Amino acid sequence: MEQTSSEKRALHKGVLYALLAAVLFGASTPFSKILVGHVAPIMLAAMLYLGSGIGLLACFVVRVILNRNEQDKAVALTLCDLPWLGGAIIAGGIAGPVLLMIGLKRTPASSASLLLNMEGVLTALIAWFVFKEGFDRRIFVGMLLIIVAGGLLSWEQIPVFGAPWGAMAIVGSSLCWAVDNNLTRKVSASDPLQIAGAKGLVAGAVNLAIALALGFSLPEMRSVLVAAAVGFCGYGLSLVMFVLALRHLGTARTGAYFSAAPFVGAVVALFMLGEIPSPIFWLAAALMGSGIWLHLTETHEHEHRHEAISHTHEHSHDVHHQHAHDFKWTGAEPHAHLHRHVALRHAHPHYPDSHHRHEH
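One structure accompanies this document, and this report is about it. (Residues numbered from 1 in each chain as written. Predicted model: local features only at pLDDT ≥ 70, side-chain atom pairs only at ≥ 80, totals over all residues. Heavy atoms only, no water.)

### Quick word on helix 5 (residues 118–129)
Part 1 of the argument: With 12 residues, helix 5 extends 16 Å from end C-alpha to end C-alpha; this agrees with the ideal 16 Å at 1.5 Å per step.
Part 2 of the argument: With 10 of its 12 residues buried, helix 5 lies for the most part within the structure.
Part 3 of the argument: Of all the residues in helix 5, the buried ones are Met118, Glu119, Gly120, Val121, Leu122, Thr123, Ala124, Ile126, Ala127 and Trp128. (Helix = DSSP H or I, 4+ residues; strand = E, 2+ residues; numbered from the N terminus. Expected span 1.5 Å × (residues − 1). Buried < 20%, exposed > 50% of the residue type's maximum accessible area, 1.4 Å probe, protein only.)

Right, here's the structure in full:
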């Protein structure tokens, strides 16, 4: 069975969302590198996430006002989502950014940007071996190339800094965000504004409380405003795009497309900060680029079975959503409501989105 036009559009949207998330987050790393020289790492993490949370809260309020006379298509978070979201906030909203800010103090921004490619690798490994997403040889080889590139960038720092603590801290932040990505997938059918906004507000408040308890003072207002703007774009809007991509591509594939983020950051750092890259940097960039290319050119098709299930999410009436409505429907798509999928077996190109989480 070939992909329907709606399935192709959904796939293309997923790729676009993932790449937009990558650009927004990647560009934030060099700006964070500048700020970390003036603000304590944990205080900067607080400012970044509070900027994200407050900005997304404002977007949420505006959306409610604009849609007050219409049924909101977004699916609100439920109590069942809270454990997954809580784990994601602890790993990706508190531990991850603090480790990144610490790593940026000892690592050139261009190399730090490329090291963040480890997030995609670790995201995929957790998705494959813990949450049982499918993968093939092409994807595995691509991951190996990215791992080797990350190792080269870490090794490059040893003659300059001794033990590569900066690189290790950045890889640690990547691990935290990998855990975050896999836990966030569990709630990706819910409203991305609520997911990203809640993470920003909670993580920002916790990091701020810790920073103040450790005796750090608030930075000058100019630094606060710059950090808030960077956080809103690089952490808030980026996460909204990432959650939307998770719906269509699954965790590992979204992580693969998101691997473009470090290259965006590296290019911005080279031009903005005037860093001069070493030959090892370019070798690592070539290896990482090859690994990402293997991911982006992957195809996946086989006969698979959909089990019967009832759930709520935003959808259009494609081949996977052939159902009647128990309410008056205007014909508007996409729309969100509780609906039931009957058991179905077929074959077509697909990714492990919310309807294709099956064993192989």
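### A look at the packing of helix 9 (residues 192–213) against helix 10 (residues 221–249)
Part 1 of the argument: For the pair helix 9 and helix 10, interaxial distance at closest approach is 9 Å and the crossing angle is 135°. Overall, the two elements helix 9 and helix 10 adopt an arrangement that is oblique. Relative to helix 10, helix 9 is oriented so that their crossing is right-handed. Along its contact with helix 9, which presents Pro192, Leu193, Ile195, Ala196 and Lys199, the element helix 10 presents Gly236, Leu239, Val240, Val243, Leu244 and Arg247.
Part 2 of the argument: Residue classes in the contact of helix 9 with helix 10 are distributed as eight nonpolar, one polar and two charged. (Axes fitted to C-alpha atoms, helices over the stretch in contact; angles between N-to-C directions. Parallel < 35°, antiparallel > 145°, perpendicular 65-115°, else oblique. Left-handed = near helix turned anticlockwise from the far one by under 90°. Contact = heavy atoms within 4.5 Å. Nonpolar A, V, L, I, M, F, W, Y, C, P; charged D, E, K, R; others polar.)

### Looking at empty space enclosed by the protein
In this approach a probe as big as a water molecule rolls over the atoms, and the regions it shows empty are the leftover space.
Part 1 of the argument: According to the stated counting rule, one finds three cavities of 30 Å³ or more in the structure shown.
Part 2 of the argument: In this structure, the largest cavity encloses a volume near 210 Å³.
Part 3 of the argument: Looking at the lining of the largest cavity, the elements with two or more residues in it are helix 8 (165–185) and helix 10.
Part 4 of the argument: Among the elements that line the lining of the largest cavity, the one with the most residues is helix 10, at six residues.
Part 5 of the argument: Along the lines of polarity and charge, the residues of the lining of the largest cavity split into eight nonpolar, four polar and three charged. (1 Å grid on protein atoms, 1.4 Å probe; cavity = no way out; pocket = protein on both sides within 12 Å on 5 of 7 lines; lining within 4 Å. Points joined across faces, edges and corners; volume = space filled by probe spheres on them.)

### What to know about the nonpolar core
Part 1 of the argument: With 55 residues, the main nonpolar core has Leu44, Leu100, Met101 and Tyr235 as its most contacted residues.
Part 2 of the argument: Going through the elements one at a time, helix 1 (5–35), helix 2 (41–66), helix 3 (82–104), helix 4 (109–115), helix 8, helix 9, helix 10 and helix 11 (251–258) are the ones with two or more residues in this core.
Part 3 of the argument: By residue number, the principal contributor to this core is helix 10, which donates 13 residues.
Part 4 of the argument: If you look at the next biggest cluster of nonpolar residues, it comprises nine residues, including Ala124, Ala127, Met143 and Ile146. (Core = buried A, V, L, I, M, F, W, Y, C linked by side-chain atoms within 4.5 Å.)

### Regarding the packing of aromatic side chains
Part 1 of the argument: Counted under the stated rule, the structure contains seven aromatic pairs.
Part 2 of the argument: Arranged with centres 5.5 Å apart and planes meeting at 80°, the rings of Phe25 and Trp177 form a pair that is edge-to-face. Taken as a pair, Phe25 in helix 1 and Trp177 in helix 8 lie far apart in primary sequence, 152 residues in all.
Part 3 of the argument: Relative accessible area serves as the criterion here: at 5%, Trp177 is assigned to the buried category.
Part 4 of the argument: Taken together through their ring pairs, the aromatic side chains of Phe25, Tyr49, Trp177, Tyr235, Phe242 and Phe258 make up a single cluster.
Part 5 of the argument: Sitting above the plane of the Trp84 ring, Lys186 keeps its charged end 5.2 Å from the centroid. (Phe/Tyr/Trp six-rings, centres within 6.5 Å; stacked < 30°, edge-to-face > 60°. Lys NZ or Arg CZ within 6 Å of the ring centre and 35° of its normal.)

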